[in-house]
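Listed below are the residues making up each chain.
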Amino acid sequence: MIIAIDGPAASGKGTLGKRLAAHYGLRHLDTGLIYRAVAKALIDAGQPLDREDEAAAAARRLDPAQLDDPLLKTDTIGRAASQISVFPAVRAALVAFQRDFARQPPGAVLDGRDIGTVICPDAEVKIFVIADPRVRAQRRYRELVARGEAADEGAVLADIEARDARDRNRTLAPLKPAPDAHALDTSALDIDAAVAAAIAIVERRRAAAH
Ligand code: DC
């Protein structure tokens with residue numbers, strides 16, 4: 001089984017993906033980490049983020065071991081990942097890795113922006129996670145404070161809104177629900193309730209497929 005989870009920044013899709021994978025015994029790939037790793041490789045090498053050829057070369061050099069770097073999680077890298085992810089050559093260089101991952105038995109949960117639309121259009125279950133931007137900003141702010149990082153809630157909200165706009169409005173593989181995706185609004189749900197709602201969606205889809 002392949003489960004595709006898409007949604008905007010800080011919607012909780014990563015945690016949801018991890019929990020669903022554990023529940024169903026599937027492998028999990030947070031595809032945002034791939035774009036983050038490419039962005040970080042460029043930053044570490046002192047290269048600009050606005051050159052498609054250099055960014056695509058970094059994408060072709062991606063080593064899956066890079067995905068474990070805890071520094072990929074910072075907001076600076078998230079912003080940079082959103083910038084380089086608009087380049088068609090970068091996206092093209094990363095498609096095969098994601099599809100190969102999805103195809104390995106026993107199946108996988110992939111979360112990102114274009115999983116249900118581009119990477120795994122045949123996924124058995126597609127979930128599109130949404131949450132009010134102010135709720136997402138509050139969650140992200142609490143996470144940063146818990147990690148001991150200085151944070152300003154207004155700035156976090158502005159960053160989330162800028163990232164939403166860039167991810168939704170890019171020409172190639174923009175953030176949007178696949179026609180057969182199930183919307184899951186987590187604005188009023190804590191993580192356990194969101195996981196339960198996602199499992200209910202998966203179970204309904206499986207029952208309908210039989
Ligand atoms: O989910 P995230 O915040 O880790 O993603 C970081 C950026 O990577 C996001 O702003 C856009 C890009 N991204 C993408 O374009 N396609 C994906 N499938 C996943 C992430």
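Heads up: these notes are all about the structure in this document. (Residues numbered from 1 in each chain as written. Predicted model: local features only at pLDDT ≥ 70, side-chain atom pairs only at ≥ 80, totals over all residues. Heavy atoms only, no water.)

**Let's talk about the environment of Ile5**
Summarising the element assignment, Ile5 is placed in strand β1 (residues 2-6). Under the relative-accessibility criterion, Ile5 is labelled buried at 0%. Counting along the chain gives 129 residues from Ile5 to Arg134, while the straight-line C-alpha distance between them is 21 Å. Residues contacting Ile5, with those up to four places away along its chain left out, are Lys13, Leu16, Gly17, Leu20, Val109, Leu110, Asp111, Gly112, Ile115, Ile127 and Val129. (Helix = DSSP H or I, 4+ residues; strand = E, 2+ residues; numbered from the N terminus. Buried < 20%, exposed > 50% of the residue type's maximum accessible area, 1.4 Å probe, protein only. Contact = heavy atoms within 4.5 Å.)

**Observations regarding the environment of Gln98**
Relative to the helices and strands, Gln98 resides in helix α5 (residues 88-103). For the pair Gln98 and Glu143, spaced 45 residues apart in sequence, the C-alpha separation works out to 28 Å. Setting aside residues no more than four positions away along its own chain, Gln98 makes contact with Leu29, Thr31, Ile34, Tyr35, Leu110, Ile115 and Ile119.

**Focus on the sheet that holds strand β5 (residues 182-185)**
Pairing is parallel in the open sheet, where five strands are placed in the order β2-β3-β1-β4-β5. A strand with exactly one partner marks an edge of an open sheet, and here the two such strands are β2 (27-30) and β5. This sheet shows a mean twist of 20 degrees between the axes of neighbouring strands, independent of strand direction. Bridge analysis of β1 against strand β3 (residues 108-112) gives five bridges, and the strand direction is parallel. In the strand pairing of β3, Ile3 is matched with Val109. (Pairing = 2+ DSSP bridges. Axes fitted to C-alpha atoms, helices over the stretch in contact; angles between N-to-C directions.)

**Concerning unusual backbone geometry**
The amide bond that connects Pro105 to the next residue, Pro106, takes the cis arrangement and shows omega of 5 degrees. Even without a glycine there, the phi angle at Ala10 is positive, about 60 degrees. Take Ala10: it is sitting in the loop between β1 and α1 (13-24). If you check the backbone angles, Ala173 has positive phi at about 50 degrees while not being a glycine.

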